[in-house]
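Chain and residue survey
These are the residues of each chain, in order.
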Amino acid sequence: MKFNPFKKSLFILIQCSFGLAQTFLGLVIFLIFIRKPHSFYRGCIDTRWNSSAGLSLGLFIFTPDESFSDSQKTRVHEYGHCIQSLVLGPLYLFLIGIVSAIWAGLPYFEKLRIEKGVPYTACFVESWASRWGERVTGEAAFWG
């Protein structure tokens with residue numbers, strides 16, 4: 001599926017204006033990982049890093065390299081966060097970023113996911129990202 005040039009330009013414009021805060025933070029992290037491989041994915045700059053985790057900040061997504069089995073599904077999930085950024089603008093960092101960071105990073109929730117088998121997407125912001133990623137790209141997203 002080819003990405004329409006007008007939609008791509010509009011996507012970039014909105015991420016660099018309405019989503020300026022998260023795009024700026026994404027740029028800082030991009031510069032930290034400048035030596036890692038990069039590509040464009042549906043208007044985003046996708047940086048491949050040696051982590052199983054993904055991160056989405058405005059115009060920038062950071063996804064696992066190809067050695068991780070779910071790297072493409074993670075890319076679609078992170079793209080879903082980009083759509084959240086388009087919709088929420090400056091509220092994204094507070095409504096999505098903080099909730100996502102707490103869900104991913106607090107040992108209590110990590111233990112819950114491991115010991116009880118709770119999927120990562122049990123958190124509403126994560127399931128929302130996977131749903132939107134699948135809807136917009138037509139590809140399968142990470143649901144684990």
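Notes on the structure in this doc start here. (Residues numbered from 1 in each chain as written. Predicted model: local features only at pLDDT ≥ 70, side-chain atom pairs only at ≥ 80, totals over all residues. Heavy atoms only, no water.)

1. As for the environment of A53
With respect to the helices, strands and loops of the structure, A53 is situated in the loop between β2 (44–49) and β3 (55–57). Along the primary structure A53 and T63 are separated by ten residues, whereas in three dimensions their C-alpha atoms are 6.7 Å apart. Excluding residues that lie within four positions of it along the chain, A53 makes contacts with F62, T63 and P64. (Helix = DSSP H or I, 4+ residues; strand = E, 2+ residues; numbered from the N terminus. Contact = heavy atoms within 4.5 Å.)

2. Let's talk about the nonpolar core
F11, C44, F60, F62, Y79 and C82 are the most contacted members of the largest nonpolar core, which has 17 residues in total. Among the secondary structure elements, those contributing two or more residues to this core are α2 (20–32), β2, β4 (60–64) and α3 (71–88). In terms of residue count, the dominant contributor to this core is α3 (four residues). Beyond its immediate sequence surroundings of up to four residues, F11 is in contact with R42, G43, C44, L59, Y79, C82, I83 and L86. (Core = buried A, V, L, I, M, F, W, Y, C linked by side-chain atoms within 4.5 Å. Buried < 20%, exposed > 50% of the residue type's maximum accessible area, 1.4 Å probe, protein only.)

3. A word on helix α5 (residues 107–116)
Residues spaced three or four apart along an α-helix face the same direction, because each turn holds 3.6 residues. Counting buried residues in α5 gives one out of ten residues, a small share hidden from the surface. Of the residues one or two after α5, G117 is the one with positive phi, at around 70 degrees.

4. Thoughts on the packing of α3 against helix α6 (residues 124–137)
Running from amino to carboxyl end, α3 crosses α6 at an angle of 100 degrees, the nearest separation of the two axes being 7 Å. With respect to α6, the axis of α3 lies roughly perpendicular. Every residue of α6 that contacts α3 at V76, H77, Y79, G80, H81, I83, Q84, V87 and L88 is listed here: V125, E126, W128, A129, S130, W132, G133, E134, V136 and T137. Looking at the contact of α3 with α6 residue by residue, the class counts come to ten nonpolar, seven polar and two charged. (Axes fitted to C-alpha atoms, helices over the stretch in contact; angles between N-to-C directions. Parallel < 35°, antiparallel > 145°, perpendicular 65-115°, else oblique. Nonpolar A, V, L, I, M, F, W, Y, C, P; charged D, E, K, R; others polar.)

5. Quick notes on the pattern of salt bridges
Taken as a whole and judged by the stated rule, the model has five salt bridges. Residue R48 pairs with E66 through a salt bridge whose shortest N-O separation is 2.7 Å. Of this pair, R48 sits in strand β2 while E66 sits in the loop between β4 and α3, and the two are 18 residues apart along the sequence. Given the relative accessible area of 60%, E66 is considered exposed. The salt bridge partner of E66 is R75, with a shortest N-O separation of 3.7 Å. Residue classification places R75 among the buried residues on the basis of a relative accessible area of 5%. (Salt bridge = Lys/Arg side-chain N within 4 Å of Asp/Glu carboxyl O.)

6. Details of the side chain of E78
Along the chain, the position of E78 falls in helix α3. Comment: no salt bridge for buried E78; closest opposite-charge side chain is R75, at 10 Å. Once you skip the residues sitting within four places of it in the chain, E78 turns out to touch G54, L55, S56, I61, F62 and T63. (Lys, Arg positive; Asp, Glu negative; His and termini not counted.)

7. What about the sheet that holds β3?
Strand order in the open sheet formed by four strands is β1-β2-β4-β3, with mixed pairing between adjacent strands. The open sheet has two edge strands, β1 (38–41) and β3, and neither has a second partner. For this sheet, the mean inter-axis angle between neighbouring strands, taken without regard to orientation, is 25 degrees. By the bridge criterion, five bridges tie β2 to β4 in an arrangement that is parallel. Its bridge partner lying in β4, D46 is registered against I61. (Pairing = 2+ DSSP bridges.)

8. With respect to the layout of surface pockets
As a volume, the largest pocket reaches approximately 530 Å³. A53, G54, L55, E78 and Y120 are, among the 27 residues lining the largest pocket, the residues nearest its centre. Every element with two or more residues in the lining of the largest pocket is listed here: β3, α3 and α4 (92–105). (1 Å grid on protein atoms, 1.4 Å probe; cavity = no way out; pocket = protein on both sides within 12 Å on 5 of 7 lines; lining within 4 Å. Points joined across faces, edges and corners; volume = space filled by probe spheres on them.)

So, to be careful, I would describe these as geometric facts and stop short of saying anything about function.
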